[in-house]
Amino acid sequence: TDPEIAVSHTGEPDTFAYTTALKRWVPIINSIATDVQSSATAKDSESASKIVESLNRLKECVVNNAPVEPLQESTEIGSQYNEEMEQLRVKYGTLEWRNGPWLFTECLLYRKIHFFFAEHAEWKDYDPFRATKRRAFESSIENALKLTDGFFLSLKPFESQSFEDLHNADPEKNKELFIEVMLLSLWGNGSDLSLMPNATDEDLQRVQAKRSLEASLKRIVDNDFDELYASLRLSAPKNGQYKQIDIVLDNSGFELYSDMLLAVYLIESKLVDQVTLHPKDIPWFVSDTLPADIVELIDMLDIAVANSSLDVKLCEAGKRLSALLKSYLKDDKLKIKKHSFWTTAHPIGRIFQYGQDLANYFYDTSDLVIFKGDLNYRKLTYDGKWARTVTFKEAIGPLATDDKRFPILSLRTCKADVCVGLSEDRALELSKEPEWTYDGSYAVVSFNAV
Ligand code: F6P
Ligand code: MG
């Protein structure tokens, strides 16, 4: 069962939930309509008009704060949304678009939009965010390659030594590299699609510099790196024992690229044998990764390095990354696993009820499940109005207590109201700058061993 905690609510002024529902949803719906209009062809223009009509109706509902209506989708997931909708209506007495639990209404918005497309055979698998995602990655590719060049340099020692040899030889240095790669993936979530294309060479060099490592650690308000590293190292592969890490992905583009580098590090350092990536099954929260985005990222990388205007060193690094990723995919060192649980509105703790097969899979095979990004964090912590000093363990409810629990790591830049795991001092200090939980400049590295 869910922990007893009030949750972020879009009807409460002075919360980020309220601002998001009021200011972000309508422009997002508008941009989808524009995309559909511009990509419709003569063949599917009739269904395109119907989709745009549905989008406009939904927009009116959001603008006028109309009561939410059940999903038309006749699937198991559709029924789960509709059941919860009824429960919430009873609990709150009313449930309107901009007057309801933020997590539920926002997930419902994307699920409804998906159904507008799914209704029409020609548009069933259409991703209205694909063009935006592609454009953003295209413009950040050169910067991404600059990181990759340095990244491969730091992996050099692993080519000749085993993880354990290297660790024993220089434990502190090895831990530092571990943290640096994790930080790259963590801040990949902050410097996401819209931010990263504008990063200058200097910005990127700073990201890699030691000084910046320290500065970025200061911005981590709940930092479990020590515990995490100790736990992974203790369980480093021995006697051919098989190890697996799962990454529940967030955004496509630069963040996905940084997650790929993390996967390469984990495998090349021999810390694990296999990494499984968990993308979404429907277009989700604009920039989230779909299986096709993973393939597309490698294709775009290939195209970029075939382009002779890039520096030779960068091209080499890109070719090497592309070849590695392809070989991992071929040898099942890197796997992709789709599941509909990720596009429900359920907090992750309900996985034992609504995603049992997935929970069993994590319990049986995974040594660590990494949850990327803000929405996953909201789902891990029930989007609850917890006191800042409540522990991550308490906020994740059954994920810390169920018999089939599994080790969890959240790498998240703070872009919502919820945040837990702070010390008394840190909580007091940050209470003076209320925007810290949602402006993306702070982050958490929250770990719960089993
Ligand atoms: O629309 C707001 C939101 O749900 C916020 O929680 C967050 O800022 C964003 O969308 C999703 O962020 P992420 O891609 O890190 O999950
Ligand atoms: Mg996202």
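Residues numbered from 1 in each chain as written. Chains lettered and ligands numbered in written order. Predicted model: local features only at pLDDT ≥ 70, side-chain atom pairs only at ≥ 80, totals over all residues. Heavy atoms only, no water.

Report on the overall build of the protein, specifying residues and quantitative values.
Broken down by element type, the protein carries 19 helices and seven strands. Taking 2.2 N^0.38 as the reference for a compact globule, 450 residues should give roughly 22 Å; the C-alpha atoms of the protein span a radius of gyration of 22 Å, in line with that estimate. Dimensions of the protein, computed from C-alpha atoms along their principal axes, come out at roughly 65 × 55 × 45 Å. Considering only contacts within the protein whose residues lie at least 6 apart along the sequence, 80% involve residues at least 24 apart. Surface summary for the protein: the accessible area is close to 19,400 Å², and the carbon and sulfur share equals 50%. Treating the 52 positive side-chain charges of the protein as one cloud and the 71 negative ones as another, the clouds have centres 2 Å apart. (Helix = DSSP H or I, 4+ residues; strand = E, 2+ residues; numbered from the N terminus. Rg over C-alpha atoms; globule rule 2.2 N^0.38 Å. Contact = heavy atoms within 4.5 Å. Areas by Shrake-Rupley, 256 points an atom, 1.4 Å probe, with all protein chains shown as cover. Lys, Arg positive; Asp, Glu negative; His and termini not counted. Charge placed at Lys NZ, Arg CZ, Asp CG, Glu CD.)

Quick rundown of the coordination of the magnesium ion (ligand 2)? Include the residues and the values.
Listed as protein donors to the magnesium ion (ligand 2) are Asp 250 (OD), Asn 251 (OD1) and Asp 288 (OD); their distances from the metal cover 2.1 to 2.3 Å. Between the donor residues of the magnesium ion (ligand 2), the gaps in sequence give the motif D-N-x36-D. With a gap of 37 residues between them, Asn 251 in the loop between strand 2 (244-248) and helix 12 (254-268) and Asp 288 in the loop between strand 3 (274-278) and helix 13 (291-306) connect regions that are remote in the sequence. (Donors = N, O, S within 2.8 Å, 3.2 Å for Na, K, Ca; no water.)

Describe the pairing of strand 5 (residues 368-372), with residues and values.
Counting buried residues along strand 5, five of its five residues qualify, which places the element largely inside the surrounding structure. Burial along strand 5 is two-sided: the face carrying Leu 368, Ile 370 and Lys 372 and the face carrying Val 369 and Phe 371 are both buried. Sheet analysis places strand 2 next to strand 5, joined by four bridges and oriented parallel. Within the sheet, the bridge partner assigned to Ile 247 lies in strand 5 and is Ile 370. Bridging between strand 5 and strand 6 (residues 408-413) involves four bridges; their strand directions are parallel. Following the sheet pairing, Val 369 is matched in strand 6 by Ile 408. (Buried < 20%, exposed > 50% of the residue type's maximum accessible area, 1.4 Å probe, protein only. Pairing = 2+ DSSP bridges.)

Please provide a residue-by-residue account of the side chain of Asp 293, values included.
Residue position: Asp 293 is located in helix 13. Side-chain polar atoms of Asp 293 contact the side chain of Lys 133, separated by 2.8 Å. Setting aside residues up to four positions removed in sequence, Asp 293 forms contacts with Asp 127, Lys 133, Ser 252, Leu 256 and Asp 288. (Polar contact = N/O pair within 3.5 Å; in protein donor to acceptor, adjacent residues only side chain to side chain.)

Pulling in residues and values, what's your account of the sheet that holds strand 3?
Pairing in this open sheet of seven strands is mixed, and the strands run 1-7-6-5-2-3-4 from one edge to the other. On the outer flanks of this sheet lie strand 1 (220-223) and strand 4 (334-336), each paired with one strand and no other. Geometrically, the sheet is characterised by an average inter-axis angle of 15° between neighbouring strands, direction not taken into account. In this sheet, strand 7 (residues 443-448) lies alongside strand 1 in parallel orientation, the contact comprising three bridges. Looking at the pairing, Ile 220 lines up with Ala 443 of strand 7. (Axes fitted to C-alpha atoms, helices over the stretch in contact; angles between N-to-C directions.)

I'd like a description of the pairing of strand 7, backed by residues and values.
Counting buried positions along strand 7 yields six of six residues, so the element is predominantly enclosed. Residues Ala 443, Val 445 and Phe 447 line one face of strand 7 and the alternating positions Val 444, Ser 446 and Asn 448 line the opposite face, and both faces are buried. Sheet topology places strand 6 next to strand 7; six bridges connect them, and they run antiparallel. Looking at the pairing, Arg 412 lines up with Val 444 of strand 7.

Any chance you could break down the confidence of the model for the protein for me, citing the residues and the numbers?
Low pLDDT means the predicted coordinates in that region are not meant to be read closely. In the predicted model, the protein carries a mean pLDDT of 91, and the fraction of residues at 70 or more is 92%. The model gives residues 192-199 a pLDDT under 50, and that stretch makes 21 contacts with residues more than four places away or in other chains. Residue range residues 204-211 is modelled with pLDDT below 50. Its contacts to residues more than four positions away, or to other chains, number 10 contacts. For this predicted complex, the interface score ipTM comes out at 0.97, alongside a pTM of 0.95. (pLDDT = per-residue confidence, 0-100.)

Go over the environment of His 114, please, and point to the residues and values.
Examined against the element boundaries, His 114 turns out to sit in helix 5 (residues 102-118). Residue His 114 is classed as buried on the basis of its relative accessible area of 17%. In the structure, His 114 is positioned 180 residues away from Ile 294 in sequence and 20 Å away in space, judged by C-alpha atoms. Leave out the neighbours within four places in its chain, and His 114 touches Glu 73, Ile 282 and Pro 283.

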